[in-house]
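# Residue-level structure breakdown
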Amino acid sequence: MSIINYAAKVINFKLVYYGPGMAGKTANLQFVHRCLPDDNRGNMISLATGDDRTLFFDFLPVSATSVRGFTTKFQLYTVPGQSRYNMTRKLVLRGVDGVVFVADSQWDRLKENVESLRNLNDNLREYRLDLATVPYVVQYNKRDLPDVAPLDYLEYTLNRGARRVPAFEAVAVTGKGVFDTLNTVSRMVLLREFGQVQEGAS
Amino acid sequence: MSRYRPSPLVRWLHALGVVVAYVVVTSVLFWLDLGDAGVAPAWTVVAVPFFYAVLSLLLLRRASLARRLSWIGGACLTHVTLGLSAAAAFATLADLTPLSALAYAFARLGPAPFLTLVATPLVLAPFRGRVLSSRPPARTDHAHRPAAVTPPAPAEPPVARETRRREGPAEAAAETPAPAVERSAAEPEPPPDDAVVRVRFERVAGQLPAGTFTLPLDRVSESLREPHWLTVPRRIVVAQLPEGAVQVDWAIVASQFPELAFAMSDVEFRRQYPNLKLTLPLDDVLRQLPRGAFSAGGTPSQIAGLEAFPAPFQPLAVPRDVPAASARPASDAPDLPPGVVVAPPAAAVAPPPRARVAPPAATVAPPPPAPVARPRIAPVLAPPPPDPVAESLRFTPESPTITPPPAPPIVTPTPPPPAPPTRVAASAPAPAPQREIAPEVISRDALTRLAACLAGAGTFESWSGVVEGSPLVAFVAPTLPREAVTVVAARVAGLLGAAAGEQVTVRTARAAIVVSAAPTPVVVAARRPGAPVALLELRAARAAGLIGRAAEGVAPPARALSALAVEPRVAGVAGTLEAFGDVEPAVLTDAAGVARVYVFREPGREAERLGELALAVWDGLGRTRDADLGALVSVVFRQGRRRILVRPLSGRGTTLLAAAGPVARPGRAWREADRAAAALEAR
């Protein structure tokens, strides 16, 4: 749910990077933070445990282009991927405008991807949302590792059905695919807010 | 357990031999005119099928009714064939009419019918295994195998297996594959989803509970219905594909194991592990599925109108080197969820100047010290001469760290329980870490560089710290208990050096642990079986080389060992250790006579030094038996090309085998030592 400040002509959107633990959600935000010009980014907040696991969430405010006279600002959040922090994930999802599902491509993490996606669906349902209506993309991260599943199988497990969404291969630590993902989901959010969404048949 | 299974030719020769013996014996009886008893009563002929029916109940207790009936039919046919053979012999010997010869063979010659009753089961005996075996006939199996999607099946299992009785409700489940043995040739061709997926046993062996088998896992693997492979019905696999993991109930694969290999009865096993499931390696599984077994369906949706919006974010051409994670709230007030306490905005209005961003090693204040042993700067052994690389990798607590000024608290969540160690995907060098963690033996940055040395060797959790007084850098597979691994590593690391070499590999039943000597020894541990031990040894040595040269080390403690006479049997074993070169045997015992070490070393080497090393290894590791690591299998020290192999032998007291010599083929040396151990244990 975007927040519009008519006086300041600013519109805020909330994007959430969702996925299993250690999939690379924080790495996505860190790369975005490193690569955006100073004028377009705020400070990144990371609350992590001693071993780099996200404890609560990461937050990065970034500003983008103006659309129809409104300055667009995106607040990028990640969720803690570990299963025990579901209440936090639910809270972070409140008022979400777009979702990036960051999947870990490694063979031994596939089950956790599926469980996380299921958990995302469940949590969205609590806000009367679902992935069929929320702008949503999938990112297959860690494609540089040797023991990764083929894309067609990842698509089969995480992106199939009537509505297949844009999907990207990524290596978040090097930045590959990070901005493609972010730009696509941002444009989907803008399109939903300012334009008429028309999805073609697959 | 006999592992001998006769070939079909041998079976037939055996049967033919019995027939010939029968004909000869009956002919001799006939020639000598022994036992001409007149015409036998009719019931003796009628009783023959009943006799074989009773015999089948005794001999084929575990066979199905259909199998029994077919055996009875075969026995009757064999009985008649034998009688005809005897009749032919009688006719040849005495110029009888065929009818008379038949009468003698089946009725008149008293011992002949009884000999036939005895000879028939003997003729059929070589084929008993086929009647009892649950394995499908070779032709049927071949016909049902999918042509292109499965690896070739081995020809013949080494063990004649018996049908494993199926008990419990799990086995009655519909998804349990019906034993193929029940399928007869008259049945129609099975539907395509009766195809199977084959999985290498070594890929799943690590999931089986310790103590499941009496045999070593490699022997169990050889004795599977299809040696080294487990088969799973494809329909079960396909049904689980959307879940991202394929797990099969134990009941589905249980019948493929040789019954005698189990350490406990079937019922006991099921009671102890009621929900045992094996997770199949998906990469193996997917390779065997035909195209189209999984398909996402169609192409991704084209979102019309998206191109109307330019890309909102344009990254810098060159990313900043410094990640700028900050513990401060941003100037833009986020839409924080309820329940989150946000710091006063004064602390967050202006972003800190770029110059104040700390370097990667210390961007935020370290968290409260974890309850771990205080890192030791000086290694246990004498420090080597300064090395630039080692210096860069060594942790120096006095080195200045930049700590940002204390910031007001941002959120106050309940601290979570300690999380597991950071998983380091070792296939590619990770970027510089964003946050410093609790002080350890080496810096996080150095740990990352060491992890890069393990690229392609698997996934490990990195850790550094001090265990039993020894500083260690450990890369441990996530499925292994790090504490147990590091304890084992710390105990053998102290033995490395001039006496024992620069690297040691410890194999337990479930783990392979490689320790490379360095001022801070490097430990790499992976799960056995399946661990690429040679690769791990190479990579661990490379990582240790980054840290620096190890000190000379200390010799194991001296012991009063006395030599015993070398039996010819032990001398014979020395001849089998060819991979170690020429070795001389010696048998040493300690003062109390409790420990015995069979030493095989190069000529001219002192056996006592090797014996002391073996006993020091046993003192350190032999009595350590972790449930997840399993019993000690072997310890191999590497000193250039020289290897010292120590392994325990079963028996009373402490009995060890120690072999040393220049080894060009380590795998062969290990196998020869395994066989030598078996020979010494069999005294």
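Located above this text is the structure these notes cover.
Below is a summary of the structure that appears in this document. Computed from a predicted structure; not experimentally measured.

Here the focus is the overall build of chain B. In terms of regular secondary structure, chain B is built from 21 helices and 18 strands. Across the 683 residues that make up chain B, the buried fraction comes to 45%. For chain B, the share of sequence-separated contacts (at least 6 apart) that also reach a separation of at least 24 residues comes to 70%. In the form shown here, chain B has an accessible surface area of approximately 33200 Å², with 62% of it arising from carbon and sulfur atoms.

This brings us to helix α21 (residues 666-681) of chain B. Residues and elements named next belong to chain B. The terminal C-alpha atoms of α21 lie 22 Å apart, and with 16 residues this matches the ideal 22 Å at 1.5 Å per residue to within 8%. The complete set of buried residues in α21 reads Ala-669, Trp-670, Glu-672, Ala-673, Ala-676, Ala-677 and Leu-680. The arc that holds the buried residues of α21, viewed along the axis, is 165°, so those residues lie on one side. Buried-residue contacts for α21 involve β10 (503-508), α19 (568-576), β15 (595-601), β16 (632-639), β17 (642-649) and β18 (654-662).

All names here are of chain A. Running from amino to carboxyl end, helix α3 (residues 110-126) crosses helix α4 (residues 151-158) at an angle of 30°, the nearest separation of the two axes being 10 Å. Classified by the interaxial angle, the pair formed by α3 and α4 is roughly parallel. Once α3 is placed against α4, the crossing between them reads as right-handed. The residues of α4 that touch α3, namely those facing Leu-110, Asn-113, Val-114 and Leu-117, are Tyr-153, Leu-154, Thr-157 and Leu-158. By residue class, the composition of the contact of α3 with α4 is six nonpolar, two polar and no charged.

All names here are of chain A. Turning to its location among the elements, Asn-113 is positioned in helix α3. Residue classification places Asn-113 among the buried positions, given a relative accessible area of 0%. Those residues in contact with Asn-113 that lie beyond four places of it in its chain are Pro-20, Phe-101, Ala-103, Asp-104 and Leu-158.

Let us now look at the environment of Arg675(B). Tracing the chain through its elements places Arg675(B) in helix α21. In the structure, Arg675(B) is positioned 99 residues away from Thr576(B) in sequence and 8.5 Å away in space, judged by C-alpha atoms.

Burial of nonpolar side chains together is a common tendency in soluble globular proteins. Counting residues in hydrophobic clusters, the biggest one holds 62 residues, and the most contacted among them are Leu120(A), Tyr153(A), Trp250(B) and Phe257(B). Per element, the largest residue contribution to this core is five residues, and it comes from α3(A). Beyond its immediate stretch of four places on either side in the chain, Tyr153(A) contacts Trp107(A), Leu110(A), Leu241(B), Gly244(B), Ala245(B), Leu282(B), Leu286(B) and Phe294(B). Among the nonpolar cores identified, the runner-up in size contains 49 residues, and Val492(B), Ala500(B), Val504(B) and Ala616(B) belong to it.

Moving on: a nonpolar patch on the surface. Residue and element names in this part refer to chain B. Together, Leu-9, Leu-13, Leu-16, Val-20, Val-24, Val-28, Trp-31, Leu-32 and Leu-93 make up a nonpolar patch on the protein surface, roughly 910 Å² of accessible area in all. Among the elements that line the nonpolar patch, the one with the most residues is helix α1 (residues 8-31), at seven residues. As for its position among the elements, Val-24 is in helix α1.

Definitions and cut-offs
Residues numbered from 1 in each chain as written. Chains lettered and ligands numbered in written order. Predicted model: local features only at pLDDT ≥ 70, side-chain atom pairs only at ≥ 80, totals over all residues. Heavy atoms only, no water. Helix = DSSP H or I, 4+ residues; strand = E, 2+ residues; numbered from the N terminus. Buried < 20%, exposed > 50% of the residue type's maximum accessible area, 1.4 Å probe, protein only. Contact = heavy atoms within 4.5 Å. Areas by Shrake-Rupley, 256 points an atom, 1.4 Å probe, with all protein chains shown as cover. Expected span 1.5 Å × (residues − 1). Arc of directions from axis to C-beta. Axes fitted to C-alpha atoms, helices over the stretch in contact; angles between N-to-C directions. Parallel < 35°, antiparallel > 145°, perpendicular 65-115°, else oblique. Left-handed = near helix turned anticlockwise from the far one by under 90°. Nonpolar A, V, L, I, M, F, W, Y, C, P; charged D, E, K, R; others polar. Core = buried A, V, L, I, M, F, W, Y, C linked by side-chain atoms within 4.5 Å. Patch = residues over 30% accessible without salt bridge, like charges linked within 9 Å, V, L, I, M, F, W, Y side chains within 5 Å. Salt bridge = Lys/Arg side-chain N within 4 Å of Asp/Glu carboxyl O.

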